[in-house]
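Architecture and fold: a report
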Amino acid sequence: MAEAIRDGLRLEAIAADVAGDGDTALELLSVNAYDIAVLDRDIPGPSGDEVAQSIVASGSGIPILMLTAADRLDDKESGFGLGADDYLTKPFELRELVLRLRALDRRRAHSRPPVREIAGLRLDPFRREVFRDGRYVALTRKQFAVLEVLVAAEGGVVSAEDLLERAWDEHADPFTNAVRITVSALRKRLGEPWVIATVPGVGYRIEAGGDGRDESGTARAGGDGRTDRADGPDGAGTTARA
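The structure presented is a predicted model; accordingly, all values stated were derived computationally and were not measured.

1. Quick word on the sheet that holds strand β1 (residues 37-39)
Think of a sheet as strands paired side by side through backbone hydrogen bonds, with each pair either parallel or antiparallel. Spatially, three strands are ordered β1-β2-β3 in an open sheet, and the strand pairing comes out parallel. The open sheet is flanked by β1 and β3 (86-89), the only strands paired with a single partner. Neighbour-to-neighbour, the strand axes of this sheet turn through a mean angle of 20 degrees, independent of strand direction. With three bridges joining them, β1 and strand β2 (residues 64-68) adopt parallel strand pairing. Looking at β2, one finds that L39 is bridged to M66.

This is the structure we're talking about:
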C-alpha cells in the first residue's frame, strides 16, 4: 500500500520516500529534511507512535499526518495527543490524502522561518539551503544545524557546549570533539576567507570581516584552541523534500 501511495503522490508532483518499518523511518528522518511525515501507527520495529514522538522531540516542526486503520475516537484522541497535525483513517481516497497534504503544506508555509543573511552568507532554514556570496554551498545535516545556530546569534559568541546542546541531542557526549571537527569541516565547505571565527576558551562566532581568525590571530583554530586538521563524518549530505 505504501508503494501504491508513493506512486499516486508522484503523479500529483509530490515526491515521497517509503519506510517499511520504524527503524528505517527514523534513519531517513535523521539524514533528510522532509516537509511532511505520513505515519501508519502499526508498523514493525518502533511504532508509528514512537516515530511521531521522535519527530516532536527533535523540534524539527515537521507536520505529521497519521494514516491508519485505528479509527476509534479514542485512537484519534491519542494520535493528536502524540503530536499529529492531521488524522486520516483507512479506507481512504488518494485524492483526499493529496488535499490534506497540500493543506498541511500551506499551513506550514505561513510559519516558515525567515531567511537570514550575515557576512555574505544567506541561510534559508525552510529550504535548507546556504549561499555564500551567491554561491550555493552543499552542507551535511549537522553542518547546517551548526551554521544555523551561529547565524542566529548574529555575530555573538556561541560556546561549544551550546552548539552541542542545540545541534546534537541530549545523548551527545559532552567530552566529544564533534563540535570542533564539524566547525572545521564547515569552514572548509564555506571557503576562504574563513567566516567562522574561534574565540579561544569561549566559543565560535560569525566574523563579519570574513577572515575567520580568532582574537589572538590564529586562523582555523578549534574550540579547544588547537588547529583543526580533520573532517569527521557528521551526517549525510543528501536532502529530500517529500
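2. Some thoughts on the UniProt feature "modified residue: 4-aspartylphosphate" (unreviewed entry) in the protein chain
UniProt records the feature "modified residue: 4-aspartylphosphate" (unreviewed entry) for D40 in the present numbering. With residues up to four places along the chain from it excluded, the contact list for D40 reads G48, L67, T68 and K90. Polar contacts involving the side chain of D40 include one to the main-chain amide nitrogen of D42, which spans 3.1 Å.

3. Brief notes about the sheet that holds strand β6 (residues 129-132)
An order of β4-β5-β6-β7 is seen for the four strands of this open sheet, with the pairing classed as antiparallel. Across the chains shown, the open sheet's two edge strands, defined by having one partner strand only, are β4 (116-118) and β7 (135-136). Bridge count for β4 against strand β5 (residues 121-124) is three bridges, and the pairing is antiparallel. Looking across to β5, one finds that I118 is bridged to L121. Of the strands in this sheet, β4, β5 and β6 are in contact with helix α6 (residues 141-152), which crosses β5 at around 115 degrees.

Analysis parameters
Residues numbered from 1 in each chain as written. Predicted model: local features only at pLDDT ≥ 70, side-chain atom pairs only at ≥ 80, totals over all residues. Heavy atoms only, no water. Pairing = 2+ DSSP bridges. Helix = DSSP H or I, 4+ residues; strand = E, 2+ residues; numbered from the N terminus. Axes fitted to C-alpha atoms, helices over the stretch in contact; angles between N-to-C directions. UniProt positions renumbered as here; feature names shortened; annotations may be inferred. Contact = heavy atoms within 4.5 Å. Polar contact = N/O pair within 3.5 Å; in protein donor to acceptor, adjacent residues only side chain to side chain.

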